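Each chain, letter by letter, is given below.
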Amino acid sequence: MRAISASPLYLPLFFLLFSTLLYRPTFAAKRSYVVYLGAHSHTFQLSTSDLNRVRDTHYEFLGSCLGSKDKAKDAIFYSYTRHINGFAAILEDEEASQIAKHPTVVSVFLNKGRQLHTTRSWDFMGLEDNGVISSSSIWKKASFGENTIIGNLDTGVWPESKSFRDEGMGPIPLKWKGACINGADATFRCNRKLIGARYFNKGYASVVGPLNSTFNSPRDHEGHGSHTLSTAGGNFVSDASVFGYGNGTAKGGSPNSRVVAYKVCFPPVNGNECFDADILAAFDMAIHDGVDVLSVSLGGDAVPFFNDSVAIGSFHAVKNGVVVVCSAGNSGPDDGTVSNVATWQITVGASTMDRQFPSYAVLSNNMSFKGESLSAKSLPKNKFFPIISSLDAKAAKADAKDAQLCKAGSLDPKKAKGKILVCLRGDNARVDKGQEAALAGAVGMVLANNLLSGNEIIADPHVFPATHITYTDGLAVYSFLNSTKNPMAYITHPSTKLDTKPAPFMAAFSSKGPNTITLEILKPDITAPGVSIIAAYTESQGPTNQDFDTRRVQYNCVSGTSMSCPHVSGIVGLLKTLHPDWSPAAIKSAIMTSARTRDNAVEPITNASHTKATPFSYGAGHVQPNRAMDPGLVYDLTTFDQELI
């Protein structure tokens, strides 16, 4: 890893450019900023009076810039007092520019938003074999991650989920210093499994305006946080499935761990759910609370580390012995799209596993194409229906491209009624396309990949019969439509198929290197299962997260690097239990040096287009938990080797 320091030559130039960009001649609107001052020099044990003194120094510092301490108190909405030294405040752009020039200030950056970036996967990675856990499994050797504390920065948690029940668990570890802050939600309860929960929304409120009391709770209304946290540390839950598909025992990577939810993500604003000021506040508190692992399935475009809340927060966490695992992002397959690129983070790409949910599109010329789906509804068996391109169902005033993509309002019910529509992937959500087709009266949908998506197909809980096919198969279907007078087809009911090959291959959505901030450092570091992962979910929304979906599920199937990240977080929990003296760098080294670059057909890992993938996609390779227990040579690092300030 490359050492990083605040060069005296670099900072003045940076501040000059920063102040030039922020200069406003008159009456600039106030916005929320983070002022980063580095690390605190105080000890880990702090009294309330100690924290108040630190907060007072922030008031005094900002007061000297704004003209009074009272103005500073009104402006500051977060004071980072425990490990991260700094504060978040409402400032005019020119005020932020002047503060950035102060010699004690490391950086000043806008409180920007970031985006949110699993039953069979543990079998695929060798921790069990058809439900049988061998004595050589890291699960057995590490006591299933017993008493390791895994924290999760996400959308919160659904505490009633069976994945977070505490039957049979002993007392909460003495090292835990956290709390269960339920805010305005009197129904929210922690236990000996879910030992803590907090919410951080002041940075979000500084952007969207005043919040009502429903925001003052760590409860997960979106599902993402429950899914990721249960993947990392959920306990064993039998008979978990999505509408009967993928039935098995759900479990996290460290099933006997204790878990903590830090809610930092809320309903999206201009595409952003998680804001820097809240992320930093959660990191600062999580270090204080005593977590061993932090799972962070969120991110944005790669930016310089001094302006990156996840990089800053994770550095201070690693400095205090906390391993931080981050998602690589879902902006693939383009090069240079990987996020969370700091050297001290474990950055995880997403790949497939050996389970599929096949659903076939069968054409009247006897050709059939295997897709995937989790549709609960099905067409009558072997009954053919007319099939047309969604472009041929275009509404009179709709754009042709919108109709091809099955966007809202683009389809004519008179043309679509009673037919199977072929919709093209891209732009709008896959499940939204199905909903639009259903609203237009279609009986089913074949979702065909675009060129960028290649052969990556995803099982979604569509609201009506549908299947998702590859780009190559999509071309064949379109060719059939264009060459047949009365094209007909039907869609088979989905099933669950195991031991598929090749697996893994890289998901098309998984963000790729190179690292655009520190070119010498390869990112992502590793890849793990991130496609069609079944894990716990919220019961506040349906499995598609759309308003039209009134269904409710306890477990849901979701894809993304958000799902691959907690797989590695769970593995880290096992390694922390097994090797409590290993540093975060040693654990990262063990995971990377024991990885595999071949699939289950003993061929090089490929990408979604079936061409050979590279380390810019998978990093060191696909994670192998059992081999990481005893990797042989370990590359260790100290804080000095990767110093931020």
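Residues numbered from 1 in each chain as written. Predicted model: local features only at pLDDT ≥ 70, side-chain atom pairs only at ≥ 80, totals over all residues. Heavy atoms only, no water.

Visitor: I'd like a rundown of the overall build of the protein chain, residues and numbers included.
Guide: Along the protein chain, the regular secondary structure elements total 18 helices and 28 strands. The C-alpha atoms of the protein chain give a radius of gyration of 25 Å, which matches the 26 Å a tight globule of 645 residues would have. Along the first, second and third principal axes, the C-alpha atoms of the protein chain reach 80 × 65 × 50 Å. By residue count, 59% of the 645 residues in the protein chain fall in the buried class. Per element, the accessible surface of the protein chain, about 24,700 Å² overall, is 53% carbon and sulfur. Where the 59 positive side-chain charges of the protein chain centre and where its 56 negative ones centre are 4 Å apart. (Helix = DSSP H or I, 4+ residues; strand = E, 2+ residues; numbered from the N terminus. Rg over C-alpha atoms; globule rule 2.2 N^0.38 Å. Buried < 20%, exposed > 50% of the residue type's maximum accessible area, 1.4 Å probe, protein only. Areas by Shrake-Rupley, 256 points an atom, 1.4 Å probe, with all protein chains shown as cover. Lys, Arg positive; Asp, Glu negative; His and termini not counted. Charge placed at Lys NZ, Arg CZ, Asp CG, Glu CD.)

Visitor: Give a detailed account of the sheet that holds strand β11 (residues 265-269), specifying residues and quantitative values.
Guide: Taken in spatial order, the four strands of this open sheet run β11-β12-β5-β14, and their pairing is antiparallel. The sheet is open, and its two edges are formed by β11 and β14 (298-299), each paired on a single side. Sheet analysis places β11 next to strand β12 (residues 272-275), joined by two bridges and oriented antiparallel. From the neighbouring strand, Cys265 faces β12, where its bridge partner is Cys274. Against the sheet, helix α9 (residues 276-289) touches β5 (113-116), β12 and β14, its axis set at about 45° to β12. (Pairing = 2+ DSSP bridges. Contact = heavy atoms within 4.5 Å. Axes fitted to C-alpha atoms, helices over the stretch in contact; angles between N-to-C directions.)

Visitor: Any chance you could break down the environment of Ala442 for me, citing the residues and the numbers?
Guide: On the secondary structure map, Ala442 appears in the loop between α13 (430-439) and β22 (444-448). Apart from residues lying up to four places away in sequence, Ala442 is in contact with Ala416, Lys417, Gly418, Lys419, Leu421, Ala437 and Phe464.

Visitor: Quick rundown of helix α2 (residues 48-66)? Include the residues and the values.
Guide: With 19 residues, α2 extends 27 Å between its outermost C-alpha atoms, agreeing within 8% with the 27 Å of an ideal straight helix rising 1.5 Å per residue. Every buried residue of α2 is listed here: Leu51, Val54, His58, Tyr59, Phe61, Leu62, Gly63 and Leu66. Among the residues trailing α2, Gly67 stands out with phi positive, at a value near 110°. (Expected span 1.5 Å × (residues − 1).)

Visitor: Any chance you could break down the side chain of Asn428 for me, citing the residues and the numbers?
Guide: Mapping Asn428 onto the fold places it in the loop between β21 (420-424) and α13. Polar contacts involving the side chain of Asn428 include one to the main-chain carbonyl oxygen of Cys406, which spans 3.3 Å. Polar contacts involving the side chain of Asn428 include one to the side chain of Lys433, which spans 2.6 Å. Not counting residues up to four positions away in its chain, the partners in contact with Asn428 are Leu405, Cys406, Lys407 and Lys433. (Polar contact = N/O pair within 3.5 Å; in protein donor to acceptor, adjacent residues only side chain to side chain.)

Visitor: An account of the state of the cysteines is needed here, citing residue identities and associated values.
Guide: Applying the stated criterion across every chain, the model contains three disulfides. A sulfur-sulfur separation of 2.1 Å characterises the disulfide bridge that pairs Cys180 with Cys190. Judged by the sign of its S-S torsion, about 80°, the cystine formed by Cys180 and Cys190 is right-handed. Of this pair, Cys180 sits in the loop between β6 (149-154) and β7 (194-199) while Cys190 sits in the loop between β6 and β7, placing them ten residues apart in sequence. Relative accessible area serves as the criterion here: at 31%, Cys180 is assigned to the partly exposed category. The connectivity of the disulfide bonds within the protein chain can be written as 1-2, 3-4, 5-6, using the sequence rank of each bonded cysteine. (Disulfide = S-S within 2.5 Å.)

Visitor: Lay out the packing of aromatic side chains with the relevant residues and their values.
Guide: All told, the structure shown has 14 aromatic pairs when counted by the stated rule. When the centroid spacing of 5.1 Å and the interplanar angle of 70° are considered together, the rings of Phe315 and Trp344 count as edge-to-face. Of the two residues, Phe315 sits in helix α10 (residues 309-319) while Trp344 sits in the loop between β15 (323-327) and β16 (346-351), which places them 29 residues apart along the sequence. Here the aromatic cluster, defined as three or more aromatic residues joined through ring pairs, consists of Trp122, Trp139, Phe144 and Phe236. (Phe/Tyr/Trp six-rings, centres within 6.5 Å; stacked < 30°, edge-to-face > 60°.)

Visitor: I'd like to hear about the UniProt feature "active site" (unreviewed entry) in the protein chain, residue by residue, with values.
Guide: Per the UniProt record, "active site" (unreviewed entry) is found at Asp154, His224 and Ser562. Despite a sequence span of 409 residues, these residues sit close together in the fold, their greatest C-alpha distance being 9.8 Å. Structurally, Asp154 can be placed in strand β6. Apart from the residues lying within four places of it in its own chain, the contact partners of Asp154 are Leu116, His224, Gly225, Thr228, Tyr262, Lys263, Val264, Cys265 and Ser297. Residue position: Ser562 is located in helix α15 (residues 561-578). On the accessibility criterion, Ser562 (0% relative accessible area) is buried. Leaving out residues up to four positions away in the same chain, Ser562 has contacts with Leu116, His117, His224, Thr228, Ser297 and Ser327. (UniProt positions renumbered as here; feature names shortened; annotations may be inferred.)

Visitor: Mind laying out the packing of α9 against α10, listing which residues take part and the relevant values?
Guide: The geometry of α9 relative to α10 is characterised by a closest axis approach of 9 Å and an angle of 5° between their N-to-C directions. Judged by the inter-axis angle, α9 sits roughly parallel to α10. Across the interface between the two elements, Asp276, Ile279, Leu280, Phe283 and Ile287 from α9 touch Ser309, Val310, Ile312, Gly313, Ser314, His316 and Ala317 from α10. Here the contact of α9 with α10 is composed, by residue class, of seven nonpolar, four polar and one charged. (Parallel < 35°, antiparallel > 145°, perpendicular 65-115°, else oblique. Nonpolar A, V, L, I, M, F, W, Y, C, P; charged D, E, K, R; others polar.)

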